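Structural features, examined
Each chain, written out:
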Amino acid sequence: MSAASCLLTEDQFLCPICLNVFTDPVTMPCGHNLCKACISEHWDRNVPSQCPNCKEVFNIKPELHVNTFISEMAAQFRQSAQQKASSSSSEQHVVKPGEVPCDACTGTRLKALKSCLMCLESYCETHLEPHLTRAGLKKHQLIDPEENLESRMCVKHDKLLELFCKTDQVCVCIHCTVSEHKTQDVVPLKEGCEGKKAELGKTEAEIQQMIQKRRLKIQEMNLSVELSKEGADREIADGFQVFTALKESVERSQAELIDTIKEKQRETEEQAEGFIKELEQEVSELKKRSSEVEQLSRSEDQLHLLQSFTSLNAAPPTKNWTEVRVRPPSYEGTVRRAVTQLEETLRKQMKKLLEVELKRVQQYEVEVTLDPDTAHPALILSDDGKQVKHVDVKKNLPDNPERFDYCARVLAKQSFSSGKFYYEVLVKGKTEWVLGMARESINRKGSITATPRDGYWTIWLKKNECIACADTSVRLSLKSQPQKVGVFVDYEEGLVSFYDVDAAALIYSFTGCCFTEKLYPHFGPSLNYDGKNSSPLIISPVNLTE
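Residues numbered from 1 in each chain as written. Predicted model: local features only at pLDDT ≥ 70, side-chain atom pairs only at ≥ 80, totals over all residues. Heavy atoms only, no water.

**A look at helix H2 (residues 36-45)**
Inspection of H2 places Cys38, Ile39, His42 and Trp43 among the buried residues, and these make up the whole buried set. Taken end-on, H2 shows its buried residues confined to a sector of 125°, consistent with a single buried face. In H2, the exposed positions that point more than 90 degrees away from the buried face belong to Ala37, Asp44 and Arg45. Tucked inside the fold, the buried residues of H2 contact strand S1 (25-27) and strand S2 (33-35). (Buried < 20%, exposed > 50% of the residue type's maximum accessible area, 1.4 Å probe, protein only. Helix = DSSP H or I, 4+ residues; strand = E, 2+ residues; numbered from the N terminus. Arc of directions from axis to C-beta. Contact = heavy atoms within 4.5 Å.)

**Considering the sheet that holds strand S16 (residues 474-476)**
Here we have six strands laid out as an open sheet, ordered S11-S20-S13-S14-S15-S16, and antiparallel in their pairing. Strands with a single pairing partner mark the edges of an open sheet, and in this sheet they are strand S11 (410-411) and S16. When S11 meets strand S20 (residues 519-524), the two strands line up antiparallel, connected through two bridges. Residue pairing in the sheet places valine 410 in a bridge with phenylalanine 523 of S20. (Pairing = 2+ DSSP bridges.)

**Here's the deal with the nonpolar core**
In terms of nonpolar packing, the biggest core is built from 38 residues, with Ile459, Val485 and Phe523 touching the most fellow members. Setting aside anything within four residues of it in sequence, one finds isoleucine 459 in contact with Trp433, Val434, Leu435, Cys466, Ile467, Ala468, Val485, Phe498, Ile507 and Tyr508. Of all hydrophobic cores here, the second largest spans 18 residues; its members include Val21, Cys35, Phe58 and Leu64. (Core = buried A, V, L, I, M, F, W, Y, C linked by side-chain atoms within 4.5 Å.)

**Describing the pattern of salt bridges**
Oppositely charged side chains can pair when the atoms bearing their charge come close. Enumeration according to the criterion identifies 19 salt bridges in this entry. Aspartate 233 is the partner of lysine 229 in a salt bridge, and the nearest nitrogen-oxygen pair spans 3.0 Å. On the criterion of helical spacing, the pair formed by lysine 229 and aspartate 233 is a turn pair, its members being four residues apart in helix H6 (residues 189-297). For lysine 229, a relative accessible area of 48% corresponds to the partly exposed category. Under the relative-accessibility criterion, aspartate 233 is labelled partly exposed at 39%. Here glutamate 294 ties to arginine 298 by a salt bridge, and the two come within 2.4 Å at their closest N and O atoms. (Salt bridge = Lys/Arg side-chain N within 4 Å of Asp/Glu carboxyl O.)

**What to know about the side chain of glutamate 424**
Residue position: glutamate 424 is located in strand S12 (residues 420-426). Put simply, glutamate 424 is tucked away with no salt bridge, and the nearest opposite charge, on lysine 484, sits 4.1 Å away. Polar contacts involving the side chain of glutamate 424 include one to the side chain of glutamine 362, which spans 2.8 Å. Within the local environment of glutamate 424, its side chain forms a polar contact with the side chain of tyrosine 422, the two groups lying 2.5 Å apart. (Lys, Arg positive; Asp, Glu negative; His and termini not counted. Polar contact = N/O pair within 3.5 Å; in protein donor to acceptor, adjacent residues only side chain to side chain.)

**Details of the pairing of S20**
With six of six residues buried, S20 lies mostly within the body of the structure. Taking every second residue as pointing to the same face, both faces of S20 are buried, with Leu519, Pro521 and Phe523 on one and Tyr520, His522 and Gly524 on the other. Sheet topology note: the strand S13 (residues 433-439)/S20 ladder contains six bridges and is antiparallel. In the sheet register, glycine 436 faces S20, and the bridge partner there is histidine 522.

**Description of the sheet that holds strand S5 (residues 142-143)**
Strand order across the open sheet formed by three strands is S4-S3-S5, with antiparallel pairing between neighbours. Only two strands of the sheet have a single partner each, and these edge strands are strand S4 (121-123) and S5. Of the strand pairs in this sheet, strand S3 (residues 114-116) and S5 are connected by two bridges, and their pairing is antiparallel. By the bridge assignment for S5, cysteine 116 is matched with leucine 142.

**Concerning the side chain of histidine 131**
The topology assignment puts histidine 131 in helix H4 (residues 125-133). For histidine 131, a relative accessible area of 5% gives the class buried. When near neighbours in sequence (up to four residues on either side) are disregarded, histidine 131 contacts Cys116, Cys119, Tyr123, Leu137, Lys138, His140 and Leu142.

**Overview of unusual backbone geometry**
One non-glycine residue, aspartate 24, lies in the positive phi region at around 50°. If you trace the backbone, aspartate 24 turns up in the loop between helix H1 (2-7) and S1. One non-glycine residue, lysine 463, lies in positive phi territory at about 55°. Its place among the elements puts lysine 463 in the loop between strand S14 (456-462) and strand S15 (465-468). Note on lysine 463: relative accessible area 73%, which makes it exposed.

**A closer look at the confidence of the model for the protein**
On average, the protein scores 87 in pLDDT, and the residues at 70 or more come to 95%. Predicted confidence is poor over residues 1-6, with pLDDT under 50, and the contacts of this stretch with residues over four places away or in other chains come to four contacts. (pLDDT = per-residue confidence, 0-100.)

**Section: the environment of glutamate 285**
Locating glutamate 285 in the fold gives a position in helix H6. Separated by 32 residues in the primary sequence, glutamate 285 and proline 317 have C-alpha atoms spaced 9.7 Å apart.

**What about the pairing of strand S21 (residues 537-540)?**
Of the pairings in the sheet, the one linking strand S10 (residues 387-390) to S21 comprises two bridges and is antiparallel in character. Across the sheet, residue glutamine 387 finds its bridge partner in S21, namely isoleucine 538. Here S12 pairs with S21 via three bridges, running antiparallel. Bridge pairing links valine 425 to isoleucine 539 in S21.

**A word on the environment of aspartate 371**
In this structure, aspartate 371 sits in the loop between helix H8 (334-362) and strand S9 (379-381). In contact with aspartate 371, not counting residues within four places along its chain, are Leu381, Val410, Leu411, Ala412 and Lys413. At a separation of 3.1 Å, a polar atom in the side chain of aspartate 371 contacts the main-chain amide nitrogen of aspartate 373.

**Observations regarding the layout of surface pockets**
Counted as a void, the largest pocket has a volume near 900 Å³. Around the largest pocket, the lining comprises 29 residues; the ones closest to its centre are Gly231, Arg234, Tyr364, Lys420 and Asp490. In terms of residue class, the lining of the largest pocket is made up of 12 nonpolar, seven polar and 10 charged. (1 Å grid on protein atoms, 1.4 Å probe; cavity = no way out; pocket = protein on both sides within 12 Å on 5 of 7 lines; lining within 4 Å. Points joined across faces, edges and corners; volume = space filled by probe spheres on them. Nonpolar A, V, L, I, M, F, W, Y, C, P; charged D, E, K, R; others polar.)

**A short note on the packing of H6 against H8**
Packing of H6 against H8 leaves a shortest axis separation of 10 Å and a crossing angle of 165°. Put simply, H6 runs roughly antiparallel to H8. Between H6 and H8 lies a crossing of right-handed hand. (Axes fitted to C-alpha atoms, helices over the stretch in contact; angles between N-to-C directions. Parallel < 35°, antiparallel > 145°, perpendicular 65-115°, else oblique. Left-handed = near helix turned anticlockwise from the far one by under 90°.)

Encoded structure:
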């Protein structure tokens, strides 16, 4: 049996259904063999019964019996295959597709373990042994198996590419160094490779740094989205609360308006009803008197007529209705008064919103100090850089490019090119001032036009009137002059807002601005005016209140 099995191939013992060596093989009437479980399952799924190999149909489903001879042969083959697999596991591997074959093998070629750059051949474990034991061959350079060793030869001189030309960045042979690359910087491959590895290490470090930056940017964007969501949820909640209160106020005002009008109408109706009732009573009495008069006038009894005439002639008490009127009530102004009341409610809600808004922007407070290198020579700055005022005498200062030389202005040391920031300035006691933001590239020499077009976003108090210095000036209607001004900037949103801090009121906002440069806080205490405007502008810390 063992000798016979050696003549058989694996294909003869494979089930055509599962493609594995037979298990409990059965023989069909047509002569084909299959696993018992495979053909049973096949027939359970397919009708009629037929051989899956030759497609012969059986009218009567055959009874399946294990073919003991084939079963023993399959078991013998399976055992033999397992023994071969076990013994070959410790031997060298036969070359497979994609692997480098041994160039020294004859017949069955084995998998190469190394390639020799001197011999330009690849060797299996057996044929590699001389390179590991013989003194002359030990000096040869071995590398991992390489199939195309010809690519390591110089196509011009048919010599090994063992040098690297740093000038032309190509691999060359020894003959190339005395011809085309004679005057160039040529080094051994090892040295050239080390240099490239160092570059690769640097490149890898740069790549990892770029990856890290992008991961941080992803985190930053995720955080921005989260903060945006929190802000959106907060605004929605505040908006819902405000508009619910407004809706309730509108509904309440509407109900009160309707009740007021209906009450006036009811009073009018009651008054008319009272008058009508009196009139009807008098009409009834007058009708009764009329009947008595008519009856007496027809009487033939002269004595009775004369005796009754005196009492009948006396007029019953009646009211003089000449001036009595039922005047329709005046509804003029009723709706207006209701709307005025509604406006007051809205004003209170707006004040609450601005108080909340101001507290939020105050959270973005930043440190701001004045830059003496930008200050006009007639401005005096405090030692801590928090105060500035104008004096009548100019100091002798260098006229550097950053300094204002005509307008009494000064910038802060700090600049901002992203995010949100806020600071407050005390303007109490001043009759004129300018505050706001300016971009880095503004003109600082000569007369200045302080508009957004010129890089300024400011408000100006002049002659008791506050003006927003937009491209077209906007005169602001304020209930009172602010004593402390808050300045808030959202760089990405393109927003610059000014607040009356004490009144928790919005003074003005520049919206839709396009910022592309650094922004600097900008201060103008204006002229002294013989001491009438001598108070300084003071950068003050934010006082957060609950």
